[in-house]
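# Commentary on secondary and tertiary structure
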Amino acid sequence: MAPIIELGERVTASGEIEVEQEYVAGLYARLDALREEAAGRLAAARRAGGEAAVWQAEVARLDAVEQGLCFGRLDLHDGRRIYIGRLGLFRDDDGEPLLLDWRVPVARAFYTATATAPQGVRRRRRITTRGRTVVALNDELLTPDGAGDDGLVGEAALLAAVTAARTGRMHDIVTTLQAEQDRIVRHESGGVLVVQGGPGTGKTAVALHRVAYLLYTRPHLRTRGVLVVGPSRIFLDYIGQVLPGLGENSVVTATITDLVPDVEVSRVDPPEAVALKGRAVMAERLAETVRSRVRTPDHPVDVEFEQQVLRLDPRTCDRAVRNARRTGLPHNEARLVHQREVVDALAQRLVDGMEAVVLTDTGEAIDGGSADGRLGEADLRALAAAGFVIDQDEHDDGPKALLDQADRVALRNSLLADAGVQAVLDALWPPLTPEHVVSDLLGEPVDGWSAADVPLLDEAASLIGHVGDRVTFGHVVVDEAQELSEMAWRMLMRRCPTRSMTIVGDPAQTGNPAGTSSWDHVLRPHVRDRWQLARLTVNYRTPAEIMAATADLLAAHHPGTPPPRSVRSTGETPWRIRTTRADLVTTVTDLATEHGDGQLAIIAPNAHIEPLAAALSLPTPPDLTGEVVLLTPGQAKGLEFDSVLIADPAEILGTAPLGHNDLYVAMTRATQRLGIVHPGPSPVELTAIPDRSHRPTGAETSA
Ligand SMILES: Nc1ncnc2c1ncn2[C@@H]1O[C@H](COP(=O)(O)OP(=O)(O)OP(=O)(O)O)[C@@H](O)[C@H]1O
């Protein structure tokens, strides 16, 4: 498929640079003044031992906007001129706006105005700065005879951004956000917004800019908290600079596993186990496991207490369980209700026992003493003879009621504190831990937890009320959301009671056998139809040549999925080289050593990682900022590199149930070049890619 645009021409408005330089210098002067003020207030707050966090955040926010403070100007038909940047700046004396935050409504036209729908804009100017110096201006006149309307805004700046060398860290795209992306960033959905799009369509970038937008427009989210969930720590490190670069430092980032911090993942499950553990039915099974730990005996249970045997009949046990369950409390909390019920019954037995000793059938005291049921001396002797110990001190002031309220409480406490009674209570309604419940269910000796166990442990923790300091958030963003199992969705929903979420993903890239293939299927149980789908269709990362190379793979495994349209073409055709299994490591090592064009990722299946790491002296897990990065398709999810070399695609296709998706992910990571090394024949999905097995020169084959 042809790219949307060919490399555009950069238009520079000469003579204007000095004017803009002066304006931009004024903006930086204002920024410096605000910084100085914030730093002063921070120091004062610290000196006074007061609340410094607010000023600390303000200093961080002002520092974060230093690079590219102002990046645009709109000249409107009504004569107004608006400067747009990373934050709003206002003149000190009269509060006149000097720079508008990119998130305010009027700034929207900067991203969405076109020649056919100019939104009152006459001219859009992009201002490129290096440090505090204006180095280039790009003007677009939005007149009907102006630039062609291809749906892209600011082509030159956009192309400069998408072709720039990769660094192993994602950057913000606030200066070149495109109209279809801006619509999603500013989407006013109060519920769940799902953003679906093929590789490189900017899903991650858009989700992060949406976070910055929401924090700006819904300030209450700053206190309720925003969580960004990603597929791996590697990925979270990769995106880690984007929000701070937009002046937002308060967002929590985590993998699903991180959300249960006291569980250490030390085991990898086989795909069948992953698929099974991820299914929603596991929640029912866990609930059943918890329920089954509660016993309702079908014969009386004898409880020993202070040399007596108290008999607990099945009806009493049954009633205690019913009453405890009726509360709807989690297991360990309902256990307290059950205990109270049982102990009450035991206490009653004791009282009945005492009364049988000291009262007649009609309720009168045996020694004929007090008609109001107060104990006389003979009663106390009779009680002592029957094994009931009544504290004599309490009766120094003469006989009293047989057992008043305080006595009953004391009696219950003694019962509860008694080891024998506790043992019976624990046998009937045992205290549980999440680990107990999950190992009970899985029926396997637990020798460490896997990632797929984490949502099960979290579910079990909820069922038993063992949630510690589990935190909830006002908005949750899920990136690579196709990787989440039904059980992981349940876990996330527990952390987002408001169900305000931005979910971004691509089902054609799902690697998790328990992952998502239908948004409706995973969301409906939690939000019914309160979710909306938005699509992204333009691929900013992967050039047209590489997308063409993935066509057969995509058509074979996702026939209904149209590939995203690449924004550009590079003229570099992907290639493949056949080698032997024995020579695979050497061939890949040679190609990597010859490579000299920017950052190279070698993406290989697990089985080859160790030998390749040894041959190339590369770290595992990978260092994303290295010149050469070695990683598995799973680790490469969401990342991008200048060049990609795939080792052994057949193994990637064959080892995992969704190997074709893993290969698709691997092939779409490159911004410039793609090479493939296959031991033996090429997988059929890749045969259309030119075979350069007999490569004449190193230059021609560099990935
Ligand atoms: N409007 C834009 N301006 C400049 N760069 C952009 C724009 N949109 C996307 N990009 C760049 O395109 C690349 C891909 O973006 P991103 O990683 O967000 O895509 P994605 O849809 O999440 O990809 P994948 O699903 O393959 O992980 C990034 O380098 C991003 O900065």
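Residues numbered from 1 in each chain as written. Predicted model: local features only at pLDDT ≥ 70, side-chain atom pairs only at ≥ 80, totals over all residues. Heavy atoms only, no water.

## Description of the overall build of the protein
A count of helices and strands for the protein gives 28 helices and 23 strands. Buried positions account for 52% of the 703 residues belonging to the protein. Counting contacts in the protein only where the partners sit at least 6 residues apart, residues at least 24 apart contribute 74% of the total. Total accessible area on the protein stands at roughly 30900 Å², and carbon and sulfur atoms take up 52% of it. (Helix = DSSP H or I, 4+ residues; strand = E, 2+ residues; numbered from the N terminus. Buried < 20%, exposed > 50% of the residue type's maximum accessible area, 1.4 Å probe, protein only. Contact = heavy atoms within 4.5 Å. Areas by Shrake-Rupley, 256 points an atom, 1.4 Å probe, with all protein chains shown as cover.)

## Thoughts on the packing of aromatic side chains
Counted by the stated rule, this structure contains 4 aromatic pairs. Relative to Y111, the ring of F110 has its centre 5.3 Å away and its plane inclined at 85°; by these criteria the two rings are edge-to-face. Each residue in the set F71, F110 and Y111 is aromatic and connected to the rest through ring pairs, giving one cluster. (Phe/Tyr/Trp six-rings, centres within 6.5 Å; stacked < 30°, edge-to-face > 60°.)

## Considering the site of the ligand
Taken together, 25 residues lie near the ligand, and T176, K203, R541, E640 and R669 sit nearest. For the ligand, a nitrogen atom lies 2.8 Å from a polar atom in the side chain of Q181. A distance of 2.3 Å separates an oxygen atom of the ligand from a polar atom in the side chain of E640. Out of a free accessible area of 630 Å², the ligand has 98% covered by protein chains. (Near = heavy atom within 4 Å. Polar contact = N/O pair within 3.5 Å; in protein donor to acceptor, adjacent residues only side chain to side chain.)

## Some remarks on the side chain of R335
Along the chain, R335 falls in helix α13 (residues 331-358). For R335, a relative accessible area of 14% puts it in the buried group. A distance of 3.2 Å separates the side chain of R335 from the backbone oxygen of W429, its partner in a polar contact. Apart from residues lying up to four places away in sequence, R335 is in contact with Q422, D426, W429, P430 and P431.

## Focus: the pattern of salt bridges
Across all of its chains, the model carries 53 salt bridges by this definition. A salt bridge links R35 to D32; its shortest N-O distance comes to 3.4 Å. Within this pair, R35 and its partner D32 are both found in helix α1 (residues 17-47), separated by 3 residues, close to a single helical turn. Close ionic contact of D75 with R123 constitutes a salt bridge, the shortest N to O distance being 3.0 Å. Of this pair, D75 sits in strand β1 (residues 70-76) while R123 is found in strand β5 (residues 121-130), placing the two residues 48 residues apart along the sequence. One salt-bridge network, in which partners are shared between bridges, spans E16, E20, R73, D75, R81, R122, R123, R125 and D139. (Salt bridge = Lys/Arg side-chain N within 4 Å of Asp/Glu carboxyl O.)

## Structural notes on the environment of L76
Tracing the backbone shows L76 in strand β1. By relative accessible area, which is 9% here, L76 ends up buried. For the pair L76 and H558, spaced 482 residues apart in sequence, the C-alpha separation works out to 46 Å.

## Thoughts on the pairing of strand β6 (residues 133-141)
Pairing of β5 with β6 involves 8 bridges; the strand directions are antiparallel. When the bridges of β6 are listed, T128 appears paired with A136. Where β5 folds back on β6, the antiparallel hairpin that results is connected by 2 residues, among which G131 adopts a positive phi of roughly 60°. (Pairing = 2+ DSSP bridges.)

## Digging into the sheet that holds strand β9 (residues 252-254)
Neighbouring strands of a sheet are bound in pairs by backbone hydrogen bonds; such pairs are parallel or else antiparallel. Taken in spatial order, the 6 strands line up as β9-β8-β14-β15-β7-β16 in an open sheet, and their pairing is parallel. Here the strands that pair on one side only, and so sit at the sheet edges, are β9 and β16 (531-536). For this sheet the average axis-to-axis angle between neighbouring strands, irrespective of direction, equals 15°. (Axes fitted to C-alpha atoms, helices over the stretch in contact; angles between N-to-C directions.)

## As for the domain arrangement of the protein
Interface size is often expressed as the accessible area that is lost when the parts come together. What the domain assignment reports for the protein is domain 1 (13-145 + 154-175), domain 2 (197-285 + 437-539) and domain 3 (544-686). Once you take the C-alpha centre of each, domain 2 and domain 3 turn out to be 27 Å apart. Contact with domain 2, which involves 21 residues of that partner, is made by 22 residues of domain 3. When the two sides are added together, the surface that domain 2 and domain 3 hide from each other amounts to roughly 1700 Å², 65% of it contributed by carbon and sulfur. Linking domain 2 with domain 3 are 1 salt bridge. Between domain 2 and domain 3 we count 8 residue pairs in polar contact (both at pLDDT 80 or more) in total. If you list the elements that add at least two residues to the side of domain 2 that touches domain 3, you get α8 (233-239) and β17 (538-539). Element by element, the count of residues in the side of domain 2 that touches domain 3 is highest for α8, at 3 residues. Partitioning the side of domain 2 that touches domain 3 into residue classes produces 9 nonpolar, 9 polar and 3 charged. (Domains from an automatic or database assignment. Buried area = accessible area lost by both parts, 1.4 Å probe. Nonpolar A, V, L, I, M, F, W, Y, C, P; charged D, E, K, R; others polar.)

## Details of the UniProt feature "binding site: ATP" (unreviewed entry) in the protein
Here, the residues flagged by UniProt with the feature "binding site: ATP" (unreviewed entry) are G197, G198, P199, G200, T201, G202, K203 and T204. As for its position among the elements, G197 is in strand β7 (residues 192-197). Beyond its immediate stretch of four places on either side in the chain, G197 contacts K203, G505, D506 and L536. On the secondary structure map, G200 appears in the loop between β7 and α6 (203-217). Apart from the residues within four sequence positions on either side, G200 is in contact with V538, N539, Y540 and R541. (UniProt positions renumbered as here; feature names shortened; annotations may be inferred.)

## A few points about the nonpolar core
By size, the foremost hydrophobic cluster in this structure holds 75 residues, and its most contacted members are W102, L631, I646 and M667. At 9 residues, α6 tops the list of elements feeding residues into this core. Beyond its immediate chain neighbours, meaning those up to four positions away, L631 contacts A601, I602, I603, A604, I609, P622, L624, A636, L639 and F641. (Core = buried A, V, L, I, M, F, W, Y, C linked by side-chain atoms within 4.5 Å.)

## Some words on the environment of T516
Residue placement: T516 occurs in the loop between β15 (501-505) and α20 (519-527). Residue classification places T516 among the buried positions, given a relative accessible area of 2%. In this structure the C-alpha to C-alpha distance between T516 and D269, which are 247 residues apart in sequence, comes to 18 Å. Ignoring any residue separated from it by four or fewer positions in sequence, one finds T516 in contact with A481, Q482, L484, W489, P507, T510 and V522.

## Focus on unusual backbone geometry
The bulk of non-glycine residues show a negative phi, and the bulk of peptide bonds are trans. The residue after T620, namely P621, is reached through a cis peptide bond having omega -5°. Checked against the element boundaries, P621 lands in the loop between α24 (606-616) and β21 (628-631). For E480, which is not glycine, the phi dihedral falls at a positive 50°. As for its placement among the helices and strands, E480 is situated in the loop between β14 (475-478) and α19 (486-494). Despite not being glycine, D648 has its phi angle at roughly 60°, a positive value. Take D648: it is sitting in the loop between β22 (641-647) and α26 (649-655). The buried category is assigned to D648, whose relative accessible area is 0%.

## Details of the confidence of the model for the protein
With 88% of its residues at a pLDDT of at least 70, the protein reaches an overall mean of 88. By mean pLDDT, helix α28 (residues 698-701) is the weakest element of the protein at 43, and strand β8 (residues 226-229) is the strongest at 98. In the predicted structure, residues 1-11 sits below a pLDDT of 50 and forms 34 contacts with residues beyond four places in sequence or in another chain. Per-residue pLDDT stays below 50 along residues 696-703; that stretch engages in 18 contacts with residues further than four places along the chain or on separate chains. Quick note on the complex model: pTM equals 0.87, ipTM equals 0.99. (pLDDT = per-residue confidence, 0-100.)

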